[in-house]
Amino acid sequence: MENPVLQVSGLTKSFGDVVSVNNVSFEIRRGEILGLLGANGAGKTTAINMLLGIVSPNSGTIKVFGKDLAESRIEILRRMNFCSTYTQLPGNLRVRQNLYVFGKLYRVPDLKNRIDEVLEMLEISHLRERVSGHLSAGESTRLNLCKSLLNHPELLLLDEPTASLDPDIADKVRKVVKKIRDEEGATILYTSHNMRDVEEVCDRVVFMHKGEVLFAGTSDEVLEHFKQDTLEDVFIQVARSGEIETQKGEVES
Amino acid sequence: MSLTTVGALVLRYLYLYTRTPIRMVELLFWPLVNLLVWGYLTVFLQKHTDDSFPFEITFLIGAVVLWEILFRAQQGVAIFFLEDVWSRNLLNIFAAPVTNADYLCSTYTVGLMRAGVTSVMLSIFALPLYSFNIFSLSWSLIPFVFNLLVFGWALGMISTSLIVRWGPAAESLAWAVPFLIQPFAAVFYPVSALPVALQWVAKALPCSYIFEGMRDGLTNGEVDMNGLLIATGLNFVYLALAGVLFVRVMNTAREKGLLTKFSSQ
């Protein structure tokens, strides 16, 4: 059986007395899109930051491509990428310049053509020479996505990629995400508060609540488990309930 | 360390300056203002003081030129980091395959370029305005510039480490740190002008030997080699300590999630 692309095991992180991520375990297989869901403060972003090596865990292990992230961070980062609604590319640089710099950082071959490709994919080719700081929120998010696709990432972490997009562009972004999974075999970890995103894009979801994994499975399994009709209802139920019995430990893929 | 990565990080900085030429004001305007103030003070003192030191006093102009090398090298390192904070780009950089060595080397390169631009510009202006030729220091300019660059880099790393550790509220340290040491660095006056206790502080700073050497060089054409060697030795100690501090602070930043806080503020 093929090793998972990402294997998170017993991941725990606390900041002082606050436990942000508590004994979280999950894995993603090649070509899978996993939704990491939860209300604000559930620990999703902290988990992603640990997967990027920006935050170090108190305990637990992260294996990417079968290698320990703590030991092979740079080698792993070359093969993955991320896009977060909380980051921006330098606003003083042109779109092309930003992508060129990051393409060099990720050692992208045939970079100029690749820049054209990703701009085309996200339908912002016409913004190539625009100053990044002059882009609208939606255009800026798509530029971030372009950056995250530059190196044909085998593992892509998308932190609320459709947060600032109108429904039309959000739909296009979801199609791009599925396209790179289908055509390039990318493995994707996807966080979103938009449950429509999740239902449309994700193969499986992991629900987090107060730093712990509450439940993991396909959308249908989640609905059945929580006895709700939609993921949005599940989300609301989870967010508003302090009494939910958590299912800790290993989560099956 | 990867030259491609260092090149990409430096390129980003060059794009920034070519995109927004107003940033050159910082590199050219303020140093030029400094040169004019100290230059005309020198002219005034030369006209109104005893004939016994009409030439030596030009060391004030030399001090301005050499101080800018240290200051701009320090700024290159510290501002490089802050540019990413201000543009909320920090996570993109530190989530990219960039090692601490890549990052530091690119900040050194930018510091070198900044120091180069400013000092060359000041040297060119000082010649027609005040008949002051920094190149009269001859070969000793090489170790002077090298030592000031290295100390500037070390101070830059210390500034950046403090900013990472204490957050955006500590941004002003990027400008303050060089001026904290300036009174003891013997930039505009000799070490002997300081009280005895502070002379020990001055002797612990590599740049004080350089400024003393510059004054000796301009006055009698001789440079204290012993002082140069002490400065070089001290510089390696400072650079190593600053490097250790930077790596330790970055590790602390990863433990405490400090880098992510920069992105959310």
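Computed from a prediction, not measured in an experiment: that's the story for all the values here.

(A) A look at the overall build of chain B. On a plain count of helices and strands, chain B comes out with 11 helices and 0 strands. Starting at the N terminus, the α and β elements of chain B follow one another as α-α-α-α-α-α-α-α-α-α-α. Computed over the C-alpha atoms, the radius of gyration of chain B is 19 Å, within 12% of the 18 Å expected from 2.2 N^0.38 for a compact globule of 265 residues. Per-residue burial over chain B gives 45% buried out of 265 residues. Within chain B, residue pairs in contact and separated by at least 24 positions form 75% of the contacts whose partners lie at least 6 positions apart.

(B) Molecular detail of the overall build of chain A. Helix and strand counts for chain A come out as 9 helices and 10 strands. Taking the principal axes of its C-alpha atoms as reference, chain A extends roughly 55 × 40 × 40 Å. Across the 253 residues in chain A, those meeting the buried criterion constitute 49%. Sequence-distant contacts in chain A: of pairs separated by 6 or more residues, those separated by 24 or more amount to 69%.

(C) Molecular detail of the confidence of the model for chain B. Confidence in the prediction of chain B, expressed as mean pLDDT, is 87, and 96% of residues score 70 or more. Reported confidence for the predicted complex is 0.86 by ipTM and 0.86 by pTM.

(D) The arrangement of the interface of chain B and chain A in detail. Every contact between the two is made by 29 residues of chain B and, on the other side, 26 residues of chain A. Residue assignment for the side of chain B that touches chain A shows that the elements contributing at least two residues are α1 (3–19), α4 (90–94), α10 (225–256) and α11 (258–264) of chain B. At 9 residues, the largest contribution of residues to the side of chain B that touches chain A is made by α1(B). Here the side of chain B that touches chain A is composed, by residue class, of 11 nonpolar, 12 polar and 6 charged.

(E) Up close: the sheet that holds strand β3 (residues 33–37) of chain A. Residues and elements named next belong to chain A. Judged by pairing direction, the sheet is mixed, and its 6 strands sit side by side in the order β6-β7-β8-β3-β9-β10 without closing on themselves. The strands lining the two open edges of the sheet, one partner per strand, are β6 (80–84) and β10 (212–217). Strand-to-strand twist across the sheet, computed as the mean angle between neighbouring axes with direction ignored, equals 15°. Sheet topology note: the strand β9 (residues 204–209)/β10 ladder contains 5 bridges and is antiparallel.

(F) Expanded view of unusual backbone geometry. The phi dihedral of A:E123 is positive, around 60°, even though this residue is not glycine. For B:R88, which is not glycine, the phi torsion reads 55° and is therefore positive. Looking at the secondary structure, you find B:R88 in the loop between α3 (59–86) and α4. Among the residues examined, B:R88 registers 19 C-beta atoms within 10 Å and is labelled partly exposed.

(G) Representation of the environment of A:M80 within the structure. Residues and elements named next belong to chain A. With respect to the helices, strands and loops of the structure, M80 is situated in strand β6. On the basis of neighbour count, M80 is assigned to the buried category, with 26 C-beta atoms found within 10 Å. For the pair formed by M80 and L155, sequence separation is 75 residues and the distance between their alpha carbons is 4.7 Å. Ignoring anything within four residues of it in the chain, the contact list for M80 reads V64, P153, E154, L155, L156 and L157.

(H) Here's a closer look at helix α6 (residues 141–166) of chain B. Residue and element names in this part refer to chain B. Spanning 26 residues, α6 covers 37 Å between terminal C-alpha atoms, matching the ideal 38 Å at 1.5 Å per step. With 19 of 26 residues buried, α6 lies mostly within the body of the structure. Trailing α6 by a residue or two, G167 shows a phi angle of about 85°, which is positive.

(I) Broad picture of the environment of A:E32. All names here are of chain A. One can find E32 in the loop between β2 (18–28) and β3. Judged by C-beta crowding, with 19 C-beta atoms within 10 Å, E32 ranks as partly exposed. Spatially, the C-alpha atoms of E32 and L77 are 19 Å apart, while their sequence positions differ by 45 residues. If we ignore the near neighbours within four places in the chain, the residues touching E32 are T187, D203 and R204.

(J) View of the packing of helix α3 (residues 95–105) of chain A against helix α4 (residues 111–121) of chain A. Residue and element names in this part refer to chain A. For the pair α3 and α4, the least separation of the axes is 10 Å and the interaxial angle reads 125°. When the axes of α3 and α4 are compared, the pair comes out oblique. Crossing geometry of α3 relative to α4 is assigned as right-handed. From α3, R96, L99, Y100 and G103 reach across to α4, where they touch L111, R114 and I115. In terms of residue class, the contact of α3 with α4 is made up of 4 nonpolar, 1 polar and 2 charged.

(K) Structural view of the packing of helix α2 (residues 24–48) of chain B against α3(B). All names here are of chain B. Between α2 and α3, whose axes approach to 8 Å, the crossing angle comes to 165°. Relative to α3, the element α2 lies roughly antiparallel. Judged by the sense of rotation from one axis to the other, the crossing of α2 with α3 is right-handed. Residues P31, N34, L35, W38, G39, L41 and T42 of α2 touch α3, and the partners they reach there are L60, I61, V64 and E68.

What counts, and where the lines are drawn
- Residues numbered from 1 in each chain as written.
- Chains lettered and ligands numbered in written order.
- Predicted model: local features only at pLDDT ≥ 70, side-chain atom pairs only at ≥ 80, totals over all residues.
- Helix = DSSP H or I, 4+ residues; strand = E, 2+ residues; numbered from the N terminus.
- Rg over C-alpha atoms; globule rule 2.2 N^0.38 Å.
- Buried ≥ 20, exposed ≤ 12 C-beta atoms within 10 Å, placed from the backbone.
- Contact = placed C-beta atoms within 7 Å.
- pLDDT = per-residue confidence, 0-100.
- Nonpolar A, V, L, I, M, F, W, Y, C, P; charged D, E, K, R; others polar.
- Pairing = 2+ DSSP bridges.
- Axes fitted to C-alpha atoms, helices over the stretch in contact; angles between N-to-C directions.
- Expected span 1.5 Å × (residues − 1).
- Parallel < 35°, antiparallel > 145°, perpendicular 65-115°, else oblique.
- Left-handed = near helix turned anticlockwise from the far one by under 90°.

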